[in-house]
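Here is what each chain is made of, one letter per residue.
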Amino acid sequence: MTLDLDASVGASTVAGSDLLSKASLLAYLFPGDHGSDTPNPSNHYQLSKLRMNDFSSYTGEIGRAYGWAQRLCGLRFLERDHGKPATAMSASHMAETVKALRKRVQARLALQTQMAAFERGTVPVTADISKLFPAKIVSRITTWKSSTYEDFVALPYTAAHVELGFATKQDTYFIATVERNTGLCCKLI
């Protein structure tokens, strides 16, 4: 089973649209579950027999094979059960998966609200944390826009972050420009 989200989840901001994209909303819902590999061992055999590329080469055409979606359908690809649906397993994962999806969407919507504020050049400060900020603001966010992994790794000072696994292709990247008087500071986030 593969999953493809046809309905595009729109967002009013450039930064927010990346947060609610189908590529990032469903991937890694559970640790290590990116959907680029098929859990069915027979798929690997079939693809190699037909001299076709790895399964990840076809996810753009057929969708992703998320492990959580497989479990939700009652499919477990272990050698002993031959991929037959296990309805008890499907029911046990339903509540867990729905809870994880709700949590992910709520977190992404909250993050989108914050990113939209950054894009407008405002940083909302609540009363309980206002003491952590200076009384006089001398700098401002002038731009906030989406970036790419390729732009991030092209910079020499990001190599350590990539090597240590702190920055991956699955992450979302932004560029912010902060201005103070005549000085500009460009930040990668």
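To be clear, the structure that these remarks concern was listed above.
On a predicted model such as this, the values are computed, not experimentally measured, just so you know. (Residues numbered from 1 in each chain as written. Predicted model: local features only at pLDDT ≥ 70, side-chain atom pairs only at ≥ 80, totals over all residues. Heavy atoms only, no water.)

Caption draft 1: Layout of the environment of P39. Along the chain, P39 falls in the loop between helix 2 (22–25) and helix 3 (41–49). Taking the C-alpha atoms as reference, P39 lies 7.5 Å from A65; in sequence the two are 26 residues apart. (Helix = DSSP H or I, 4+ residues; strand = E, 2+ residues; numbered from the N terminus.)

Caption draft 2: Representation of the nonpolar core in the model. Judged by nonpolar contacts, L26, A27, L29, F30, Y66, W68, A69 and A100 together constitute the single largest core of 8 residues. Leave out the neighbours within four places in its chain, and F30 touches W68, R71, E96, T97 and A100. (Core = buried A, V, L, I, M, F, W, Y, C linked by side-chain atoms within 4.5 Å. Buried < 20%, exposed > 50% of the residue type's maximum accessible area, 1.4 Å probe, protein only. Contact = heavy atoms within 4.5 Å.)

Caption draft 3: Quick look at the pairing of strand 3 (residues 183–188). Here strand 2 (residues 173–180) pairs with strand 3 via 6 bridges, running antiparallel. If you follow E179 over to strand 3, its bridge partner there is L184. Between strand 2 and strand 3, which pair antiparallel one after the other, the connecting turn spans 2 residues, and N181 there sits at a positive phi close to 50°. (Pairing = 2+ DSSP bridges.)

Caption draft 4: Quick peek at the packing of aromatic side chains. Throughout the structure, instances matching the rule amount to 3 aromatic pairs. Ring centres of W144 and F174 lie 5.3 Å apart, and the angle between their planes is 20°; on these two criteria the pair is classed as stacked. You can see W144 sitting in strand 1 (residues 140–147) and its partner F174 sitting in strand 2, a full 30 residues away along the chain. Classification of F174 as buried rests on a relative accessible area of 5%. On the basis of an interplanar angle of 50° and a centroid distance of 6.1 Å, the ring pair of Y149 and Y173 is categorised as tilted. Here Y149, found in helix 7 (residues 149–153), pairs with Y173, found in strand 2; they are 24 residues apart in sequence, far enough to count as distant. What makes Y173 buried here is its relative accessible area of 6%. Among the aromatic side chains, those forming a connected cluster through ring pairs are Y149, F152 and Y173. (Phe/Tyr/Trp six-rings, centres within 6.5 Å; stacked < 30°, edge-to-face > 60°.)

Caption draft 5: Looking closely at the layout of surface pockets. Quantified by volume, the second largest pocket comes out at close to 300 Å³. In terms of lining, the second largest pocket is formed by G121, T122, V123, V125, F133, P134, I137, V138, S139, R140, I141 and V178. Split by residue class, the lining of the second largest pocket holds 8 nonpolar, 3 polar and 1 charged. (1 Å grid on protein atoms, 1.4 Å probe; cavity = no way out; pocket = protein on both sides within 12 Å on 5 of 7 lines; lining within 4 Å. Points joined across faces, edges and corners; volume = space filled by probe spheres on them. Nonpolar A, V, L, I, M, F, W, Y, C, P; charged D, E, K, R; others polar.)

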